[in-house]
Amino acid sequence: MSRENSNLPAAKDAVRIVPLGGLGEVGRNCNVIEYKGKLVVADCGVLFPEETQPGVDLILPNLDYLEDRLADIEAIVLTHGHEDHIGAVPYLLKMRQDIPVIGSQLTIAFVEAKLQEHRIKPHTRVVEEGDALSIAGMEFEFIAVNHSIPDALAMFVRTPEGNLFITGDFKMDQLPIDGRLTDLRAFAAAGEEGVDLFMCDSTNAEVPGFVHSEAEIAPVIDRVIGGARGQVVVASFASHVHRVQQVLNAAAHNGRKVAFVGRSMVRNMGIAEDLGYLEVPPNTVVDVKDMNGIEPNKRVYMSTGSQGEPMAVLSRIANRAHNRISVGKGDTVLLASSLIPGNENSVFRVINGLIALGAQVIHQGNERVHVSGHAAEGELLYVYNILQPAFAMPIHGEVRHLVANARIAVRTGVPAENVIVAENGSVVDMLDGECKLVGSVPFQNIYVDGSSVGDITESELKDRQILSSEGFIVIFAVIDKNEKAIVTGPHIQARAMAEEDAVFDDIQDDVQKALQEAVDNGADTYGMQQAMRRVIGRWASRKLRRSPMIIPTVVEV
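Residues numbered from 1 in each chain as written. Predicted model: local features only at pLDDT ≥ 70, side-chain atom pairs only at ≥ 80, totals over all residues. Heavy atoms only, no water.

Looking at this structure, how should I read a positive patch on the surface?
A surface patch of positive charge is lined by Arg-534, Arg-538, Arg-542 and Lys-543. Counting through the fold element by element, Arg-538 comes out in helix α14 (residues 525-544). Looking at Arg-538, the relative accessible area reads 53%, which means it is exposed. (Patch = residues over 30% accessible without salt bridge, like charges linked within 9 Å, V, L, I, M, F, W, Y side chains within 5 Å. Areas by Shrake-Rupley, 256 points an atom, 1.4 Å probe, with all protein chains shown as cover. Salt bridge = Lys/Arg side-chain N within 4 Å of Asp/Glu carboxyl O. Lys, Arg positive; Asp, Glu negative; His and termini not counted. Charge placed at Lys NZ, Arg CZ, Asp CG, Glu CD. Helix = DSSP H or I, 4+ residues; strand = E, 2+ residues; numbered from the N terminus. Buried < 20%, exposed > 50% of the residue type's maximum accessible area, 1.4 Å probe, protein only.)

Next comes the structure, spelled out in structure tokens:
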């Protein structure tokens, strides 16, 4: 889609939807809903970096779109407590701290704990299924949906220009661990009232049939823990309360103790237990520092790191870098989560590292130890048929997921011309129940790198990629600008390259000649540096078959 139409007129009477993340990717879900100049931010999550983004900690939604309109934001409304839906809330609140944050009890508890780390005291409001709030001239009704975290909500949004239905992340597990079903009666009521635009989770739209029930996982986890000879390390998302509950139950059944490992795991499970979402069997959970006094065949570590994150617990264990936990022959590691697209290489690297240490590794590829939290094709068919929306705009997924979701919409009777396959930055207006893609706004990635937010550019990331894969060459020379003579150098050194510095002997004379010519021709410092860079660059490409970063420095005396 063209980015040319970036100066769009105001929405006027239309309800405007602008996705600031979550389309064409799995993560950083964020949609802005605008009506008569007032904004509601529906979810505000983060995206985790890929290997092509070295050094990046998080990727935020395009919050730049909101920078000049912070006073117009009426609320942040959250569907559930996963990082890809709440992780960027602190960064938006740093721009304006008094924006109300609305969500379910567990979601708000997770957000408040996160904001405490950022020293932000938020204005929060807890809602539950069945509640309805008037926000920015629109009515938000909250509907219970089942997901891989308790307390998830969909949103039915009534506006003067039509009704929106936003699923958030959901599935239709008929035997959920907490007994909380996706409320299909409320879905049907919304369908009877009329859904003009359906914004639906697309993550599993390519997967045929129905997602298996969480209830099918418990016996497998119990069997794995019961059959383990040594320690057991279970890695999962720090917010996957249901999976942790199953691990606790299996550990108690097999007479093992459990220690939560990882700051986010300890924090979130403490919150879940305090609020009654996690039932801890008596005498089961111990502090990780007390595990050394327990026999290895009685230990279970419940950790973070299921996606191969470099600094998470499991990666540090695989690299022998964890200060308390090590694994070896006879130990079992269980990865109780699915792979997020883009994380495959990182996860397999951790798996290989653990196997090399002698551990047995159980994962989704060799045992049914995880089921997805997202509705598959069969479930989506049911939902489309129940709601019978006039227009559909798939959300939450890579392009292939969005397109698969769009096909489902068409198969269930949504006219093909009424299905909007949008992308981040697209602008969709709804007026009198009619929805139209009217253009786009500029979109860019906002990178978090340590304490830096938004300072890292695509160009700098490209430099990091070159450094990591090609190495770099440093050239240093000193010039007497009055005598137009080379005083020292050029000295050439390489870093992160296999070749010894002696390899540059062959090109030394050519670099010196190019530098002297630039000096004789009255070039400035930049011109002299570029003269050396060109010679070295051509030589490295021809001789070494590489494109290293070249850093020339000229000092004039």
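Hey, could you run me through the pattern of salt bridges in this one?
Any two side chains of opposite charge can pair, given that their charged atoms come close. Using the criterion set out here, one finds 22 salt bridges in the structure. Among the salt bridges present, the one from Glu-117 reaches Arg-263, with a minimum N-O distance of 2.7 Å. Taken together, the residues span a long stretch of sequence, with Glu-117 in helix α3 (residues 105-117) and Arg-263 in helix α7 (residues 263-274) at a distance of 146 residues. Close ionic contact of Glu-367 with Arg-223 constitutes a salt bridge, the shortest N to O distance being 3.1 Å. Placement of the pair is Glu-367 in the loop between β17 (360-362) and α10 (377-387) and Arg-223 in helix α5 (residues 217-227), with a sequence separation of 144 residues. On the basis of relative accessible area, Glu-367 is assigned to the partly exposed category, the value being 22%.

Where do I start with the sheet that holds strand β5 (residues 73-77) in this structure?
Strands pair in a sheet through their backbones, by hydrogen bonds, and they do so in one of two ways: parallel or antiparallel. Across the sheet, which stays open at both edges, the eight strands sit in the order β7-β6-β5-β3-β2-β1-β19-β20 with mixed pairing between neighbours. Each having just a single partner strand, β7 (123-126) and β20 (434-440) make up the two edges of the open sheet. Across the sheet, the mean angle from the axis of one strand to that of its neighbour is 25°, orientation sign disregarded. The pairing of strand β1 (residues 15-21) with strand β19 (residues 426-431) spans three bridges and is classified as antiparallel. If you follow Ile-17 over to β19, its bridge partner there is Val-428. (Pairing = 2+ DSSP bridges. Axes fitted to C-alpha atoms, helices over the stretch in contact; angles between N-to-C directions.)

Would you mind going over the sheet that holds strand β15 (residues 299-303) with me for this structure?
Here five strands make up an open sheet; going across it, the order is β14-β15-β13-β16-β17 and the pairing parallel. Strand pairing shows two members of the sheet lacking a second neighbour, β14 (257-261) and β17, which therefore form its edges. The sheet shows a mean angle of 20° between the axes of neighbouring strands, taken without regard to direction.

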